[in-house]
Amino acid sequence: MGFKNITKPATRKLILLAGLFLAVFFLFISGKEDKPAKKSPVPADRERVQKHLEALTQTPEFRNHKNRDQLNAVADYIHQTFKAYSDSTGFQEYQVDGQTYKNVICSFGTENSKRIIIGAHYDVCGDQQGADDNATGVTALLELSRMLKGQKLNYRIDLVAYTLEEPPYFRTENMGSYIHAKYLKDNKIDVYGMASVEMIGYFKDEKRSQDFPVGVLSWIYGNKGDFITLVKKFSGAGPFVKNFIDRFKDSNQIKTETFPAPGFVKGVDFSDHLNYWKFNFPALMITDTSFFRNKNYHQTTDTLETLDINRMTKVIDAIFLSIIHLK
């Protein structure tokens, strides 16, 4: 019996949740082999990661939509860092209420036609540092630009730092990622897939440090916030998503869980990948699970001191190894 014959939304959700439970259970039992960590040809550098995090969080003003000059200063910092490692860099400018905002783009492997987007937003919600949300994601882009220089790649890699991901622009056409995804679609650019790097620096080993959108998931994942999560569509994710997840897990840099989620589950589209889904590009999110673990989310307590930089560098290593080994 298909879902079209079921009239009650609650019943449909119950069936989807049952399917979700089974899916994550089988992912869980199938991906638990002990393997040695793969050695990266260019490891992420902890000191550089620390430097970028400081530059992004210790700014004269908070990098929110009201402080446009500060946002542009951060965009310039990102651009200058990208330029040190790539000959193909630039801004994607657009107007909101008569003001100019900027995405920052850096490319590698431009001899390849099919491309992969690795993106992260650099703005924050309100008056706060936004260390985990999302200085960690942008720092990953900055360090990846160094690591990707000179690599032989099977795809063109575009690193994209987005503006205006946070409220009041979240879920609007003013999001930087919406502008970028629409550009790709309008210009019929061949995109293999997209990965959103959204909060990758907060880890906890204590019991009951991890929450879930569906409580029963703690039976599978445990209740410690000691892993990174790869969030994908429940069905129809596409070959890029599967290949990226396989390469990420195979790198064995950090404890990793996969979460295949129906759209109604809270939090699964709370980042820039949602706009690539809108335009039917394959996409996933790399995250420490945000507010399901980090209670500093959108608070003034989201500061540099709360981050686990050692594990964060391992996430960057895993992203890098995934990119260079994608076939």
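Residues numbered from 1 in each chain as written. Predicted model: local features only at pLDDT ≥ 70, side-chain atom pairs only at ≥ 80, totals over all residues. Heavy atoms only, no water.

1. Some words on the overall build of the protein chain
Next, step 1: Helix and strand counts for the protein chain come out as nine helices and eight strands.
Next, step 2: Residues classed as buried in the protein chain amount to 56% of the 327 residues present.
Next, step 3: Across the protein chain, contacts joining residues at least 24 apart in sequence account for 79% of those joining residues at least 6 apart.
Next, step 4: Within the structure as shown, the protein chain displays about 14,300 Å² of accessible surface, and the carbon and sulfur contribution to it stands at 51%. (Helix = DSSP H or I, 4+ residues; strand = E, 2+ residues; numbered from the N terminus. Buried < 20%, exposed > 50% of the residue type's maximum accessible area, 1.4 Å probe, protein only. Contact = heavy atoms within 4.5 Å. Areas by Shrake-Rupley, 256 points an atom, 1.4 Å probe, with all protein chains shown as cover.)

2. Side note on the pairing of strand β3 (residues 115-121)
Next, step 1: Extensive coverage of β3 is indicated by the burial of seven of its seven residues.
Next, step 2: The alternating pattern of β3 places R115, I117, G119 and H121 on one face and I116, I118 and A120 on the opposite face, and all of these are buried.
Next, step 3: In the sheet, β3 pairs with strand β4 (residues 156-162) via seven bridges, with the strands oriented parallel. Within the sheet, the bridge partner assigned to I117 lies in β4 and is D158.
Next, step 4: The β-α-β motif built from β3, the intervening helix α4 (residues 131-148) and the parallel element β4 has right-handed crossover chirality.
Next, step 5: Looking at chain direction, β3 and strand β5 (residues 191-197) are connected through five bridges and run parallel. Among the inter-strand pairings, I118 is bridged to a residue of β5, identified as A195. (Pairing = 2+ DSSP bridges. Right-handed = clockwise from strand over helix to strand, strands pointing away.)

3. Describing the pairing of β5
Next, step 1: Among the seven residues in β5, seven count as buried, and that is most of the element.
Next, step 2: The sheet contact formed by β5 and strand β8 (residues 283-287) spans four bridges and is parallel. Counted as the bridge partner of M194 is A283 from β8.

4. Focus: the packing of α4 against helix α9 (residues 309-325)
Next, step 1: The N-to-C vectors of α4 and α9 enclose an angle of 50°; their axes lie 10 Å apart at closest approach. As the angle between them shows, α4 and α9 are arranged oblique. Along this stretch, α4 crosses α9, giving a crossing that reads as right-handed. For the pair formed by α4 and α9, the contact residues are T136, T139, A140, E143, L144, M147 and L148 on the first element and M312, I316, D317, I319, F320, I323 and I324 on the second.
Next, step 2: Of the residues assigned to the contact of α4 with α9, the class counts are 10 nonpolar, two polar and two charged. (Axes fitted to C-alpha atoms, helices over the stretch in contact; angles between N-to-C directions. Parallel < 35°, antiparallel > 145°, perpendicular 65-115°, else oblique. Left-handed = near helix turned anticlockwise from the far one by under 90°. Nonpolar A, V, L, I, M, F, W, Y, C, P; charged D, E, K, R; others polar.)

5. Quick word on the nonpolar core
Next, step 1: Ranked by internal contacts, the top residues of the largest apolar core, which has 65 residues, are I118, L148, L159, F248 and I286.
Next, step 2: Tallying contributions element by element places α9 first for this core, with 10 residues.
Next, step 3: Counting residues in hydrophobic clusters, the runner-up holds 16 residues, among them I105, I117, M194 and Y276. (Core = buried A, V, L, I, M, F, W, Y, C linked by side-chain atoms within 4.5 Å.)

6. Some words on α4
Next, step 1: When the terminal C-alpha atoms of α4 are compared, their 24 Å separation across 18 residues agrees well with the 26 Å that a helix rising 1.5 Å per residue should span.
Next, step 2: After α4 finishes, the residue G150 shows a positive phi value of roughly 80°. (Expected span 1.5 Å × (residues − 1).)

7. So, the packing of helix α3 (residues 68-83) against α4
Axes are the key here: two packed helices are described by the angle between their axes and the distance separating the axes.
Next, step 1: Look at α3 against α4: their axes get within 8 Å of each other, and the N-to-C directions meet at 20°. In terms of orientation, α3 lies roughly parallel with respect to α4. Viewed along their axes, α3 and α4 form a crossing whose handedness is left-handed. From α3, Y77, I78, T81 and F82 reach across to α4, where they touch V138, L141, L142 and S145.
Next, step 2: For the contact of α3 with α4, a count of residues per class yields six nonpolar, two polar and no charged.

8. Description of helix α2 (residues 46-57)
It helps to recall that an α-helix has 3.6 residues per turn; residues three or four apart then point in one direction.
Next, step 1: The end-to-end C-alpha separation of α2 is 16 Å, in line with the 16 Å expected for 12 residues at 1.5 Å each.
Next, step 2: V49, H52, L53, L56 and T57 are the residues of α2 that are buried. Down the axis, α2 shows its buried residues gathered within 120° of arc, on one side only.
Next, step 3: Buried-residue contacts for α2 involve α3, α4 and α9.
Next, step 4: Among the residues of α2, the N-terminal cap falls to D45, whose side-chain oxygen and the backbone nitrogen of E47 are separated by 3.0 Å. (Arc of directions from axis to C-beta. Polar contact = N/O pair within 3.5 Å; in protein donor to acceptor, adjacent residues only side chain to side chain.)

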